[in-house]
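This is what each chain is made of:
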Amino acid sequence: MMHSEFITELKDTQNEHDPRKLPIDRVGVKALRYPIQVLDKAHTTQSTIAHVSLTVDLPHHYKGTHMSRFIEVLNQQGPVLHVDKIRTLARELLARLDAQKAHVEFEFPFFLEKKAPVTGAAGLMDYTVRFSATLEGDVFDFVLTVIVPVTTLCPCSKAISSHGAHNQRGWVTFSHRSKKPIWIEDVVQMVESCASSELYSLLKRPDEKAVTERAYENPVFVEDLVRAVAARSNAEPNITWYRVEAENLESIHNHNAYALIEKS
């Protein structure tokens with residue numbers, strides 16, 4: 001038989017009343033690493049590691065939330081989470097934490113094999129992908145974000161220089177909502193096609209020549225880049241909202257160049 005001191009109910013501080021009457025919009029856990037599986041366009045499963053954020057709203061009368069329950073809900077999905085369970089995960093957070101709104105975010109590296117443009121040498125490129133989901137009642141909102149590294153060559157530098165032009169590596173952060181899911185690979189291809197050149201992990205000398213000359217023949221400002229991606233998005237009726245950001249690590253300035261377009 002257990003001693004009585006071991007079965008005495010412990011004090012639940014989180015459920016104590018808070019007199020300040022200030023509700024909290026989001027409270028929970030962040031920077032939790034967890035194995036996940038993502039379906040790619042070839043219908044194969046890619047295993048990766050996500051940084052996970054799980055939060056809910058907290059009414060003004062509660063002092064705190066129960067942090068351990070976030071981890072319990074995540075672990076209930078199994079040792080590896082398939083991303084099609086995100087809605088289920090959000091619904092469980094609402095139930096276990098007696099909340100009205102739940103937020104789930106997974107950010108992870110996604111890998112694509114790319115072949116060099118001339119030699120066909122194959123290498124893996126990684127892209128940062130973020131799944132952001134909110135569930136309030138029966139209303140489920142999902143935003144897909146893909147961060148795509150690219151090369152840009154400055155049109156002004158090309159126009160004023162007798163030879164050469166400065167170019168740099170940058171990245172495009174493209175977030176969108178859509179009526180039907182869009183493959184990550186299709187988002188990457190759309191963004192890369194709007195840059196001076198796409199990037200590769202493996203290039204031989206003939207490939208370097210081709211990529212360099214391609215960029216030189218296709219100069220774009222960050223303004224051109226976000227406009228091109230926005231125009232492509234406007235032409236896609238499946239996309240209902242987007243935000244496109246471009247940032248260049250300028251090669252001849254001590255600052256970055258930046259532009260943003262958001263569809264209201």
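Residues numbered from 1 in each chain as written. Predicted model: local features only at pLDDT ≥ 70, side-chain atom pairs only at ≥ 80, totals over all residues. Heavy atoms only, no water.

## Here's the deal with helix 5 (residues 184-192)
Here comes step 1: Of all nine residues in helix 5, seven are buried, a share of seventy percent or more.
Here comes step 2: Listed as buried for helix 5 are Ile184, Glu185, Val187, Val188, Met190, Val191 and Glu192. (Buried < 20%, exposed > 50% of the residue type's maximum accessible area, 1.4 Å probe, protein only. Helix = DSSP H or I, 4+ residues; strand = E, 2+ residues; numbered from the N terminus.)

## Focus: the nonpolar core
If you look at soluble globular proteins, the nonpolar side chains tend to sit buried side by side.
Here comes step 1: Ranked by size, the top nonpolar core spans 58 residues in total, and within it Leu54, Leu93, Phe106, Phe108, Phe131 and Phe174 carry the most contacts.
Here comes step 2: Residues within four places of Leu54 in sequence aside, it is in contact with Val27, Gly28, Val29, Phe70, Leu74, Leu89, Leu93, His103 and Val104. (Core = buried A, V, L, I, M, F, W, Y, C linked by side-chain atoms within 4.5 Å. Contact = heavy atoms within 4.5 Å.)

## A word on the pairing of strand 7 (residues 167-178)
The side chains of a regular strand alternate between both faces of the sheet.
Here comes step 1: Pairing between strand 6 (residues 139-153) and strand 7: 10 bridges, direction antiparallel. Within the sheet, the bridge partner assigned to Leu144 lies in strand 7 and is His176.
Here comes step 2: In the sheet, strand 7 pairs with strand 9 (residues 239-248) via nine bridges, with the strands oriented antiparallel. Of the residues in strand 9, the one forming a bridge with Val172 is Ala246. (Pairing = 2+ DSSP bridges.)

## Examining the pairing of strand 6
Here comes step 1: For strand 5 (residues 122-136) and strand 6, the ladder comprises nine bridges, and the chain directions are antiparallel. Bridge pairing in strand 6 links Phe131 to Leu144.

## Quick word on the side chain of Asn238
Here comes step 1: Position of Asn238 relative to the elements: it lies in the loop between helix 7 (222-234) and strand 9.
Here comes step 2: Taking relative accessible area as the criterion, Asn238 reaches 11% and is therefore assigned buried.
Here comes step 3: Here Lys180 takes part through its backbone nitrogen, which lies 2.8 Å from a polar atom of the side chain of Asn238.
Here comes step 4: What Asn238 contacts, discounting residues up to four positions off in sequence, is Arg177, Ser178, Lys179, Lys180 and Ile182. (Polar contact = N/O pair within 3.5 Å; in protein donor to acceptor, adjacent residues only side chain to side chain.)

## Concerning the packing of helix 5 against helix 7
Here comes step 1: Where helix 5 meets helix 7, the axes come as close as 9 Å, and the angle between the chain directions of the two elements is 130°. As the angle between them shows, helix 5 and helix 7 are arranged oblique. When helix 5 is examined against helix 7, the residues Gln189, Met190 and Val191 are found in contact with a partner set consisting of Val229, Arg232 and Ser233.
Here comes step 2: Here the residues of the contact of helix 5 with helix 7 are counted per class, giving three nonpolar, two polar and one charged. (Axes fitted to C-alpha atoms, helices over the stretch in contact; angles between N-to-C directions. Parallel < 35°, antiparallel > 145°, perpendicular 65-115°, else oblique. Nonpolar A, V, L, I, M, F, W, Y, C, P; charged D, E, K, R; others polar.)

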